[in-house]
2 protein chains.
Amino acid sequence: MTSSSAPIKRRDATRTRQLLLDAARHRFASDGYAATTVRDIADDAGVNVALISRYFSSKEGLFEACLTSSVDEMRRTAGGARLDEVAERIVEQLAGIDSDGFPRHLVLLLRSSGDARADEIRVGMLRTFAEKLASLAGWTEGDDELLLRAQVTIAASLGIALLRSNTRLEPLGSAGREDLIGPVTDLITAILRKP
Amino acid sequence: MTSSSAPIKRRDATRTRQLLLDAARHRFASDGYAATTVRDIADDAGVNVALISRYFSSKEGLFEACLTSSVDEMRRTAGGARLDEVAERIVEQLAGIDSDGFPRHLVLLLRSSGDARADEIRVGMLRTFAEKLASLAGWTEGDDELLLRAQVTIAASLGIALLRSNTRLEPLGSAGREDLIGPVTDLITAILRKP
DNA sequence: GTCGGATGTAAACGCCTGTTGACTAATTTC
DNA sequence: GAAATTAGTCAACAGGCGTTTACATCCGAC
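Here goes a summary of the coordinates provided.

Rules used throughout
- Residues numbered from 1 in each chain as written.
- Chains lettered and ligands numbered in written order.
- Predicted model: local features only at pLDDT ≥ 70, side-chain atom pairs only at ≥ 80, totals over all residues.
- Heavy atoms only, no water.
- Helix = DSSP H or I, 4+ residues; strand = E, 2+ residues; numbered from the N terminus.
- Contact = heavy atoms within 4.5 Å.
- Expected span 1.5 Å × (residues − 1).
- Buried < 20%, exposed > 50% of the residue type's maximum accessible area, 1.4 Å probe, protein only.
- Polar contact = N/O pair within 3.5 Å; in protein donor to acceptor, adjacent residues only side chain to side chain.
- Least-squares fit on C-alpha atoms with pLDDT ≥ 70 in both.
- Near = heavy atom within 4 Å.
- Nonpolar A, V, L, I, M, F, W, Y, C, P; charged D, E, K, R; others polar.
- Phe/Tyr/Trp six-rings, centres within 6.5 Å; stacked < 30°, edge-to-face > 60°.
- Lys NZ or Arg CZ within 6 Å of the ring centre and 35° of its normal.
- Buried area = accessible area lost by both parts, 1.4 Å probe.
- Salt bridge = Lys/Arg side-chain N within 4 Å of Asp/Glu carboxyl O.

### Describing the overall build of chain A
Now for step 1: In terms of regular secondary structure, chain A is built from 9 helices and 0 strands.
Now for step 2: Written out in order from the N terminus, the α and β elements of chain A read α-α-α-α-α-α-α-α-α.
Now for step 3: With the C-alpha coordinates of chain A rotated into their principal frame, the extents come out at 70 × 35 × 30 Å.
Now for step 4: Of the contacts made within chain A by residues no fewer than 6 positions apart, 66% connect residues no fewer than 24 positions apart.

What follows is the structure in structure tokens.
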């Protein structure tokens with residue numbers, strides 16, 4: 001047997017980059033930017049620390065990459081919903097249907113690094129989402145009240161995501177999709193129903 | 001004139017403690033625990049760094065003190081409301097009627113230091129508030145659905161507070177009490193109205 | 001007035017942070 | 001298969017962190 005069960009690690013820059021990105025998203029989302037060290041991330045990824053600087057030029061750069069990759073992933077999954085599907089989509093994100101029940105993509109949008117460029121990406125994404133959501137509810141440019149309501153909806157959803165992920169407040173902490181769909185639907189329809 | 005406009009600083013431990021506490025609450029709430037340094041806090045308070053260790057024994061200790069003092073203040077202002085007043089009270093906190101439009105007490109409840117004891121205080125407070133709110137809506141022990149709805153309400157409110165305070169997402173960022181009262185009332189009554 | 005505890009100061013401590021440069025090892029190119 | 005390019009390693013760095021220690025200064029009690 002030349003190499004059967006050996007966990008040989010072929011050198012692969014793309015794969016390494018991805019490992020770092022995944023580990024970083026976990027850490028940044030759950031611990032925040034400042035509390036996360038590059039050594040933590042590298043260890044989680046099973047990769048040498050210096051490679052963070054090589055592939056992302058800095059910790060800030062890695063954070064920005066996390067942000068844009070999460071944003072891309074959200075765009076991909078959140079496109080083209082009807083108003084009555086919005087609650088369902090949000091709950092899917094909250095309950096983390098794709099990963100392990102941890103709404104990382106959402107929580108990242110609340111994590112600031114203090115860096116101006118990263119914050120622009122973050123806030124830009126929030127603004128885009130808010131406008132998209134407002135449009136579904138019949139928004140036209142200049143209607144600040146409805147835009148505000150869309151932003152409140154997003155803020156509320158992010159709050160739920162954050163509280164779920166950083167405290168073990170029960171029953172919210174371990175509520176599943178079926179538990180959340182009721183309250184969240186009520187919340188969203190109540191706010192977005194045009195006054 | 002012996003001492004007219006002179007800003008002489010009489011030595012006063014109580015006052016110094018309070019200055020540190022105020023500065024720390026500002027910093028911890030707006031930047032988070034890890035991103036805040038003890039030197040930042042001391043400078044803001046106009047006080048020597050070493051006094052943090054003296055009066056609060058550590059940065060953790062200061063954070064705990066911030067938490068309990070904020071919790072006390074919230075208890076004082078949040079006691080004995082009726083269900084139909086809840087939205088108004090929350091909006092008052094969100095709009096920061098007492099201070100400068102920054103809902104620090106609320107945001108602190110979302111800021112984790114990673115320390116176990118501090119997190120217990122934090123989560124304990126959240127639990128208490130959730131139960132109090134649920135009770136106003138007719139909760140009796142064991143009714144997990146209504147408790148969940150109360151927790152969702154709190155999570156949503158905290159999300160609004162956090163988004164308001166750390167992004168400049170307009171119009172949410174600079175919305176006043178009169179702008180928020182509508183959406184927030186809708187939100188709260190929709191979630192808490194027993195299904 | 002002076003003594004003693006309380007209050008504030010300054011400098012240093014050891015540790016951990018993000019980042020870098022010189023190096024080795026693997027992979028691709030010809 | 002040798003050369004050249006890419007991928008990964010290792011150790012050190014300068015700076016900032018929270019904390020401590022030894023010292024100056026103020027203030028109230030006697």
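Next, the rest of the story.
### Thoughts on helix α1 (residues 13-31) of chain B
Residue and element names in this part refer to chain B.
Now for step 1: Compared with an ideal rise of 1.5 Å per residue, which puts 19 residues at 27 Å, α1 spans 26 Å between its outermost C-alpha atoms and is within 8% of the ideal.
Now for step 2: Turning to α1, its buried residues are T16, L20, L21, A23, A24, R25, F28 and A29.
Now for step 3: Here the buried face of α1 lies against α2 (38-45), α3 (50-56), α4 (59-78) and α6 (104-108).
Now for step 4: A distance of 3.1 Å separates the backbone nitrogen of T14 from a side-chain oxygen at the start of α1, and that oxygen is part of D12.
Now for step 5: Directly after α1, the chain includes G32, whose backbone phi takes a positive value near 90°.

### Remarks on the relation of the copies chain B and chain A
Now for step 1: For the pair chain B and chain A, the best superposition has an RMSD of 0.0 Å and corresponds to a rotation of 180° with a translation of 0.0 Å parallel to the axis. Here the two chains are linked by the operation of a two-fold rotation axis.
Now for step 2: Both copies share a contact surface, since 100% of the interface residues of chain B are interface residues in chain A too.

### As for the protein's contact with DNA strand D
Now for step 1: By nearness alone, 21 residues border DNA strand D, and R11, R54 and Y55 of chain A together with R10 and R11 of chain B come closest of all.
Now for step 2: The sugar-phosphate share of atoms of DNA strand D within 4 Å of the protein amounts to 57%.
Now for step 3: R54 of chain A is positioned with one of its side-chain polar atoms (N or O) 2.3 Å from a base nitrogen of DNA strand D.
Now for step 4: A distance of 2.8 Å separates a base nitrogen of DNA strand D from a polar atom in the side chain of R39 of chain B.
Now for step 5: Secondary structure elements with two or more residues in the surface near DNA strand D: α1 (13-31) and α3 (50-56) of chain A together with α2 and α3 of chain B.
Now for step 6: The dominant element in the surface near DNA strand D, judged by the number of residues it contributes, is α3 of chain A, at 4 residues.
Now for step 7: Split by residue class, the surface near DNA strand D holds 7 nonpolar, 6 polar and 8 charged.

### Examining unusual backbone geometry
Residues and elements named next belong to chain A.
Now for step 1: The omega torsion across E170 and P171 is 10°, close enough to zero to call that bond cis.
Now for step 2: Of note in the backbone geometry, S57 takes a positive phi value of approximately 70° without being a glycine.
Now for step 3: Owing to a relative accessible area of 58%, S57 belongs among the exposed residues under this scheme.

### Notes on the packing of aromatic side chains
Now for step 1: For the structure on display, the rule yields 6 aromatic pairs over all chains.
Now for step 2: Note on F28 of chain B and Y33 of chain B: the rings are 5.4 Å apart at their centroids and 25° apart in plane angle, and the pair reads as stacked.
Now for step 3: Residue F28 of chain B is classed as buried on the basis of its relative accessible area of 0%.
Now for step 4: Linked through ring pairs, F28, Y33 and F63 of chain A together constitute an aromatic cluster.
Now for step 5: Here K59 of chain A stacks its cationic end above the ring of Y33 of chain A, 4.3 Å away from the centre of that ring.

### What to know about the protein's contact with DNA strand C
Now for step 1: As a structural note, the neighbourhood of DNA strand C is formed by 21 residues, with R10 of chain A together with R11, T16, R54 and Y55 of chain B the closest of them.
Now for step 2: Across the atoms of DNA strand C situated within 4 Å of the protein, the share located in sugar and phosphate is 53%.
Now for step 3: The separation between a base oxygen of DNA strand C and a polar side-chain atom of R11 of chain B is 2.3 Å.
Now for step 4: Contributing elements (two or more residues each) for the surface near DNA strand C: α2 (38-45) and α3 of chain A together with α1 and α3 of chain B.

### A few points about the interface of chain B and chain A
Now for step 1: The interface of chain B with chain A comprises 34 residues on the first partner and 34 residues on the second.
Now for step 2: Buried surface at the junction of chain B and chain A, both sides included, amounts to about 3200 Å², of which 75% is carbon and sulfur.
Now for step 3: For chain B, the biggest contributors to the area lost against chain A are L148, Q151 and L169 of chain B; these three give 17% of the whole.
Now for step 4: Note that R149 of chain B and D186 of chain A form a salt bridge whose closest N and O atoms lie 3.0 Å from each other.
Now for step 5: The tally of links from chain B across to chain A stands at 6 residue pairs in polar contact (both at pLDDT 80 or more).
Now for step 6: Residue contributions to the side of chain B that touches chain A peak at 14 residues, all from helix α8 (residues 144-166) of chain B.
Now for step 7: Residue composition of the side of chain B that touches chain A, grouped by class: 22 nonpolar, 5 polar and 7 charged.

### Considerations on the pattern of salt bridges
Residues and elements named next belong to chain A.
Now for step 1: Following the criterion strictly, the structure yields 22 salt bridges over all chains and no others.
Now for step 2: In this structure, the salt-bridge partner of R25 is E73, at a minimum N-O distance of 3.9 Å. Of this pair, R25 sits in helix α1 while E73 sits in helix α4 (residues 59-78), and the two are 48 residues apart along the sequence.
Now for step 3: What makes R25 buried here is its relative accessible area of 13%.
Now for step 4: Among the ionic pairs, R82 bridges to E85, the shortest N-O distance being 3.3 Å.
Now for step 5: On the basis of relative accessible area, R82 is assigned to the partly exposed category, the value being 49%.
Now for step 6: Each of the salt bridges in this network shares a partner with another, and the network as a whole consists of R27, D31, D40 and D44.

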